[in-house]
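Observations on the three-dimensional arrangement
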Amino acid sequence: MIPALQFDSALIQKYDVPGPRYTSYPTAPAFRTSFGEKEYRQAAALSNAAEPPRPISLYVHIPFCRTVCLYCACNRIVTSNHHRAAEYLDYLRTEIRLKGELFDPRRTVSQLHWGGGTPTYLSLEEMAELMGALGESFNLSQDPDRDFGIEVDPRTVDATIINALRELGFNRISLGIQDLDPAVQKAVNRIQPLDETRAVIRSARDASFDSLSVDLMYGLPHQSVRTFRNTVQEVLHLNPDRISLFNYAHLPERFKMQRKIRADTLPAPEEKLRILKMAIGLLTEAGYLYIGMDHFARPGDSMVRAMQSGELQRNFQGYSTHAACDLVGLGMSAISQVGETYAQNEAELDRYYGLLDGGWLPVARGLKLTLDDRIRRKVIHTLMCKFSLDFRAIGQEFDIDFEDYFRWELREIKALETDGLLVVDAEGITISSRGRMLVRQICMLFDRYLPYQTAQAFSRTI
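Figured I'd write up the structure that's included with this text. (Residues numbered from 1 in each chain as written. Predicted model: local features only at pLDDT ≥ 70, side-chain atom pairs only at ≥ 80, totals over all residues. Heavy atoms only, no water.)

1. Examining the packing of aromatic side chains
Per the stated rule, a full pass over the model turns up 16 aromatic pairs. Seen in terms of ring centroids, W114 and F170 are 4.9 Å apart; in terms of plane orientation they differ by 80°. Their pairing is edge-to-face. Here F170 lies in the loop between α5 (159–168) and β7 (172–178) and W114 lies in strand β4 (residues 108–116), a separation of 56 residues in the sequence. Taken individually, W114 and F170 each receive the classification buried, so the pair is uniform in this respect. Grouping aromatic residues by their ring pairs yields a cluster made of F64, Y88, Y91, Y121, Y352 and Y353. The ring of Y449 carries R448 above its face, with NZ or CZ at 5.7 Å from the centroid. (Phe/Tyr/Trp six-rings, centres within 6.5 Å; stacked < 30°, edge-to-face > 60°. Helix = DSSP H or I, 4+ residues; strand = E, 2+ residues; numbered from the N terminus. Buried < 20%, exposed > 50% of the residue type's maximum accessible area, 1.4 Å probe, protein only. Lys NZ or Arg CZ within 6 Å of the ring centre and 35° of its normal.)

Rendered as structure tokens:
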């Protein structure tokens, strides 16, 4: 059973500080430019040697959008010039071919995700050609249990496109909603009527997608408990399988477009906390279970089953139901996790193109994990996915005495135990119902790199 989430406003206010989301450990600020194509090729070759062959997860980054959402912190290109997307696809197909040559064809792609940007910025013909290129270079699974997902902007699709995506092999679809209130939508430059969103969801249901998820965001301009309650209630009527409830991180010094959002229109911290508490209460009452890190899912969803079976994983796509995959990132700024390495592509389009023009993999930076990195990654990701930790299991896996290896961390964690976030005993750590929303803060204690990174590199945890 997954325990109920307990919302403790006082604890959340106390521990709401900037911190990593731990889609990786070490996190991206620790990546180094000394890691390049040579190291990526070595990692792929070493990974190919594993028996039985490890499955592969593909992430494809489509950066283009027709309009800009002012809250967005993604790496995207806003343009109405579709020729730029056609040019990008030419280079993307080159990268697909170059990376596909590195991996054993016996290795099946059991997980695929197209993100952005807006993947549905592409035409149906372009999406079909892209899926064909992936199939030529990688062994795409035909198993019904595969997880092939795509992010969809409801403003860019209709029933014809939704059906075509299903025919291309996608079985999971994710829709951005954020907020349904007209004043909020105008303030963030994302006008998206409910009827439009409802029609796309109906089409996805009719097309028999296995899973449908939606994104909501709290802390946006002009939001209040009253207005966001209306949004959450309408979304519950849509009955998605998963709901992501993200915190809007207002960082205008880092993201230029956010400077167009007036700070005096944002809900005050106390109101923002009330909005979050209200939303979680409605989701819980409706039967959604808290997976962790903003994610909620209905009982019976594959995410819930993975959590209950202990197979839930965390990677650059967030929570994942497919364990033991190497993640191959494709497209500008995409991140790969191959074996015990991380590698990030060039984030600037011209440099991404330039490397591919030279026949090089477009790797800009990365990291080869040390033994200490691997130990701490296991600790952090176990806490993120299971909300508990078995000292003996970690000790046996890495041949360490856990309590000796982490004696400083276990001393520091006592303050969190005193506040009721967790319980520590001779066997391990168990995060309490009150501490589950603060799992990032708990994990931060085990992050060896964090003291050397600036707080500006991360958003606030709540």
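Read on for the rest.
2. Quick notes on helix α7 (residues 194–206)
When the terminal C-alpha atoms of α7 are compared, their 18 Å separation across 13 residues agrees well with the 18 Å that a helix rising 1.5 Å per residue should span. Listed as buried for α7 are L194, T197, V200, I201, S203 and A204. Those residues of α7 that are buried lie in contact with α5, β7, β8 (211–218) and α8 (225–238). Directly after α7, the chain includes S208, whose backbone phi takes a positive value near 65°. (Expected span 1.5 Å × (residues − 1). Contact = heavy atoms within 4.5 Å.)

3. Examining the pattern of salt bridges
Where charged atoms from two side chains of opposite charge come close, those side chains can pair. Applying the stated criterion across every chain yields a total of 28 salt bridges. Note that R155 and D153 form a salt bridge whose closest N and O atoms lie 2.8 Å from each other. We classify D153 as buried; its relative accessible area is 8%. When the shortest N-O distance is used, the salt bridge between E340 and R377 registers 2.6 Å. Placement of E340 in the loop between β15 (335–338) and β16 (341–345) and of R377 in helix α12 (residues 371–386) is noted, with a sequence separation of 37 residues between them. Since its relative accessible area comes to 13%, R377 is described here as buried. (Salt bridge = Lys/Arg side-chain N within 4 Å of Asp/Glu carboxyl O.)

4. Examining the sheet that holds strand β20 (residues 428–431)
Read from one edge of the open sheet, 3 strands run β18-β20-β19, paired in antiparallel fashion. With partners counted over all chains shown, the strands left at the sheet margins are β18 (388–390) and β19 (422–424), one partner each. Within this sheet the neighbouring strands show an average axis-to-axis angle of 15°, counted without direction. Here 3 bridges tie β19 to β20, and the two strands are oriented antiparallel to one another. Within β20, the residue paired with V424 across the bridge is I429. The sheet contacts of α12 involve β18 and β20, and relative to β18 the element is tilted by about 135°. Lying over the sheet, helix α13 (residues 391–398) contacts β18, β19 and β20, oriented at roughly 55° with respect to β18. (Pairing = 2+ DSSP bridges. Axes fitted to C-alpha atoms, helices over the stretch in contact; angles between N-to-C directions.)

5. Things to note about the pairing of β15
With burial as the criterion, each face of β15 is covered, one bearing I335 and Q337 and the other bearing S336 and V338. Two strands pair when backbone bridges link them, and β15 and β16 are joined in this way by 4 bridges, in the antiparallel orientation. When the sheet's bridge partners are listed, S336 is paired in β16 with A343. Between the antiparallel neighbours β15 and β16 lie 2 residues, among them G339 with a positive phi of about 60°.

6. Thoughts on the state of the cysteines
Throughout the structure, instances matching the rule amount to 0 disulfides. Take C69: it sits in no disulfide, and the sulfur closest to it among the cysteines is that of C72, at 6.5 Å. Given a relative accessible area of 10%, C69 falls into the buried group. This cysteine, C72, is not joined by any disulfide, and C74 carries the nearest cysteine sulfur, 3.8 Å off. Judged by relative accessible area, C72 falls into the buried class, the value being 16%. (Disulfide = S-S within 2.5 Å.)

7. Some words on α13
Among the residues making up α13, those that are buried are F391, I394, G395 and F398. Burial along α13 is one-sided: seen end-on, the buried residues are contained in an arc of 100°. Across from the buried face of α13, at angles greater than 90 degrees, the exposed residues are R392 and Q396. Of the surrounding secondary structure, the elements contacted by the buried residues of α13 are α12, β18, α14 (402–405), α15 (407–412), β19 and β20. Among the residues trailing α13, D399 stands out with phi positive, at a value near 55°. (Arc of directions from axis to C-beta.)

8. Description of unusual backbone geometry
Most peptide bonds adopt trans geometry, and most residues besides glycine take a negative phi value. Cis geometry marks the peptide bond from Y25 to P26; its omega dihedral reads -5°. Residue placement: P26 occurs in the loop between α1 (9–15) and α2 (37–48). For the bond running from E51 to P52, omega is -5°, close enough to zero to count as cis. Within the secondary structure, P52 sits in the loop between α2 and β1 (56–62). Positive phi is not limited to glycine here, since Y22 has a value of about 55°. What makes Y22 buried here is its relative accessible area of 1%. Non-glycine residue M293 carries a positive phi angle of around 45°.

What is shown is where atoms sit, not what they do.
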